[in-house]
Amino acid sequence: MSIQTPNIPLLGFAAYSGTGKTTLLEALLPKLTEAGLKIGVLKHAHHNFDVDIPGKDSYRLRKAGASQMLISSRNRHALMTETPDSEAEFEYLLTRFDTQKLDVILVEGCKNIEFPKIELHREEVGKPWLYPNDNNIIAIAADTSVESELPQMSINDLDAIAQFILDYVAKGTTKKVAEAACCDTLSPAFLSVQQGQDKILAEVSAVQLVEPTHIAQSYGRILGHSVASPVNVPQYTNSAMDGFAIRSDDLDRAEYQVVAEILAGYSYDKPLEKGQAVKIMTGAPTPEHADTVVMREQASAEGDMVTFGDAVIKAGQNVRQAGEDLALGQTVFDVGTRIESPEMGMLASLGFEHCDTIRKLKVAVFSTGDEVQAPGTPIKPNSIFDSNRFTIMGLLEKLGCEILDYGIIEDNEQRMVEALEKAATEADLIMTSGGVSVGDADYIKLALDRLGKIDFWRINMRPGRPLAFGKVTGKPFFGLPGNPVAVMVSFINFVEPAIRKMQGEANWQPLKVKAVATEPLRSRQGRTEFSRGVYSVDEHGQLVVKTTGKQGSGILRSMSEANCLIEVSPAVDTVKVGESVTIIPLQGRI
């Protein structure tokens, strides 16, 4: 069910950090309240924050584990809600206000969400103007003037700004907030990383053909059918350690007669009588009535008699029951499970020689351009070696795809069309790099226009802004950026999730964890920044991270040196030393 935007005026103050939004708002609020306005304020913080004071009862209870902490007094009440998984959506936050008692909601921050805003600008901050790229800005308050039809005020003229707000509230209208927006939502001129992922995943579906695969060749494959256990695991009740098996209804005896020794792979087929014990090895089946095992270290044996001294013996100890791990017919693995070494061992332990897996995904890869030449050939003037194709093939190999290498296609529209038509008949997915920027004049675009529907997107991220995605005669097509690092970052964010869905893998999510920055990280607010990083564990056991150095999108060595991507969200322009940042470990992915 969708959340309804509060039906009162909504007005934001959009500016870069350092412009003085809070100071301005603090000075404006008395003027607005004196004019009779009842005001709600929503402030978006770029980083982690705490409104509670350490040592206070509410702080102690929240830190002890309360996910929601409501504190009330005679004069006010406050609800603090922990949101460790994801930031609260903007629309939801607006519904927390009691709008029956308000005339307007003012928002500090969230400059990338679609709702009316005043841009605050100071030349000394050195940041670019927002209004040329944001049609939600309805006025400007600055220390300089610009050529614009928007109303302009001096950022130091509080009376003029207050009057503009009063006039705005009097009109009583506001634009609808973008659906499901959060304070990290991007400018409407671009797609966010999440929006791009969602659009792509909505367009691809899993390959349906299932084939039997020998367990020895199953690593990395996806199960096409669920697997049920054909046996109980363990198949029989057995000893969990080396020792002596006795009856649980015969624990008070001082000594027992040892009537047999049972090794793994053998059994004692007679029922165990009271007063008797059997020496037993780990994994060996326990005899009938023998349901308790005393470890060897607690036993003292002499001849055919054994005693356990002062050992505390509990009925049923050190015995694994038949079917305790898996019962006959119980589901072991669900359809969509990716088989790795533990799954291979588990399937073999159940007696399976083959399993049903989804057919390997076939991916056609080629490079384009007369300036691109194959490695191992003498370099020509104005040419570059073809690195991106080999990078892509390595990434596909890691995901267990069957790769169809079409090599380098020259700059000829008909040759491009023929290559794409061939790829669409032979492959499940087609991929190339370069020639996808908005301003590019490229033969690949001309060929794509003839064969399919391709969207050329600008993704609000760095590196990797240009991305092409669509269908070529019904087969998904990815056109990745031309810069080597951008190819890998775009593949990780957009191609890999699509491939995993097409392979039939269920419920896959990339691993993201928090680490402490050991150096300052800069970004540009409004876009997602992916820096190449190296994480490690410091002497205190804390996960820490730093960059690999220069972050140019053509520096392929930076990916070779990295063990993670550092993801800086669109709401953040600076991560200071000691602050927490999200990292995406790359082990097993590249």
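Figured I'd write up the structure that's included with this text. Starting from 1, residues in each chain are numbered consecutively following that chain's sequence as written. Owing to the predicted nature of the model, reporting of local features is limited to residues with pLDDT of at least 70; listing and counting of side-chain atom pairs is limited to 80 or more, with chain, interface and lining totals taken over all residues. Side-chain descriptors were evaluated using all non-hydrogen atoms of the structure, hydrogens and water having been removed beforehand.

Here we come to the packing of helix H5 (residues 193–203) against helix H10 (residues 484–502). Packing of H5 against H10 leaves a shortest axis separation of 10 Å and a crossing angle of 30 degrees. Taken together, H5 and H10 sit at an angle that is classed as roughly parallel. Judged by the sense of rotation from one axis to the other, the crossing of H5 with H10 is right-handed. Between H5 and H10, the residues in contact are Val193, Gly196, Gln197, Ile200 and Leu201 and Asn493, Phe494, Pro497, Ala498 and Lys501, respectively. Along the lines of polarity and charge, the residues of the contact of H5 with H10 split into six nonpolar, three polar and one charged. Axis lines are fitted through C-alpha atoms, for helices just across the contact stretch, and the angle between N-to-C directions can take any value from 0 to 180 degrees. Strands here are runs of E lasting at least two residues and helices are runs of H or I lasting at least four, both read from the DSSP assignment and numbered beginning at the N terminus. Any angle between 65 and 115 degrees counts as roughly perpendicular, while under 35 counts as roughly parallel, over 145 as roughly antiparallel, and the rest as oblique. Crossing handedness: left-handed means the near helix sits turned counterclockwise from the far one by under a right angle, and right-handed means the same turn made clockwise. Here, residues are in contact when the closest pair of their heavy atoms is within 4.5 Å. Each residue gets one label: Ala, Val, Leu, Ile, Met, Phe, Trp, Tyr, Cys and Pro are nonpolar, Asp, Glu, Lys and Arg are charged, and the others, such as Gly, are polar.

What follows concerns the packing of aromatic side chains. Two aromatic rings from Phe, Tyr or Trp, using only the six-membered ring of Trp, form a pair when their centres are within 6.5 Å; if the ring planes differ by under 30 degrees the pair is stacked, by over 60 it is edge-to-face, and anything between is tilted. Per the stated rule, a full pass over the model turns up five aromatic pairs. Considering the side-chain rings of Trp129 and Tyr131, the 5.5 Å spacing of their centres and the 75 degrees angle between planes classify their relative orientation as edge-to-face. Neither residue differs from the other here; Trp129 and Tyr131 are each classed as buried. Measuring from ring centre to ring centre gives 5.6 Å for Tyr256 and Phe308, while their planes differ by 45 degrees; the resulting arrangement is tilted. Note that Tyr256 is positioned in strand E13 (residues 256–262) and Phe308 in the loop between strand E17 (305–307) and strand E18 (319–320), a separation of 52 residues in sequence. Each residue is placed in one exposure class: buried if its accessible area under a 1.4 Å probe, protein chains only, is under 20% of its type's maximum, exposed if it is over 50%, and partly exposed if it falls in between.

Two strands qualify as a pair provided that DSSP identifies no fewer than 2 bridges between them. Here strand E27 (residues 461–462) pairs with strand E32 (residues 528–537) via two bridges, running parallel. Paired with Arg462 across the strands is Glu529, a residue of E32. Strand direction decides the pairing type here: E32 and strand E34 (residues 564–568), joined by five bridges, are antiparallel. Paired with Gly533 across the strands is Cys564, a residue of E34. Bridge count for E32 against strand E33 (residues 543–547) is five bridges, and the pairing is antiparallel. The residue bridging Ser536 from the neighbouring strand is Val544, located in E33.

Moving on: the sheet that holds strand E24 (residues 402–409). Strand order in this open sheet of six strands is E24-E21-E25-E29-E28-E26, and the pairing throughout is mixed. Edge positions in the open sheet fall to E24 and strand E26 (452–458), since each of these has one partner strand only. Adjacent strand axes in the sheet meet at a mean angle of 20 degrees when their direction is disregarded. Pairing geometry for strand E21 (residues 362–368) and E24, over six bridges, is parallel. If you follow Val365 over to E24, its bridge partner there is Asp405. Helix H7 (residues 388–398) contacts E21, E24, strand E25 (429–433) and strand E29 (475–480) of the sheet and is inclined by roughly 175 degrees relative to E24. The strands that H10 touches are E25, strand E28 (466–472) and E29; relative to E29, the one it contacts most, it runs at about 170 degrees.

Now for the sheet that holds strand E12 (residues 243–246). One open sheet accounts for six strands, arranged E15-E12-E14-E13-E17-E16; its pairing is mixed. Of all the strands in the sheet, just strand E15 (292–295) and strand E16 (300–302) have a single pairing partner and so form its edges. Here the strands of the sheet are splayed against their neighbours by 40 degrees on average, with no regard to which way each runs. For E13 and strand E14 (residues 276–280), the ladder comprises five bridges, and the chain directions are parallel. Within E14, the position partnered with Val258 by the bridge is Ala277.

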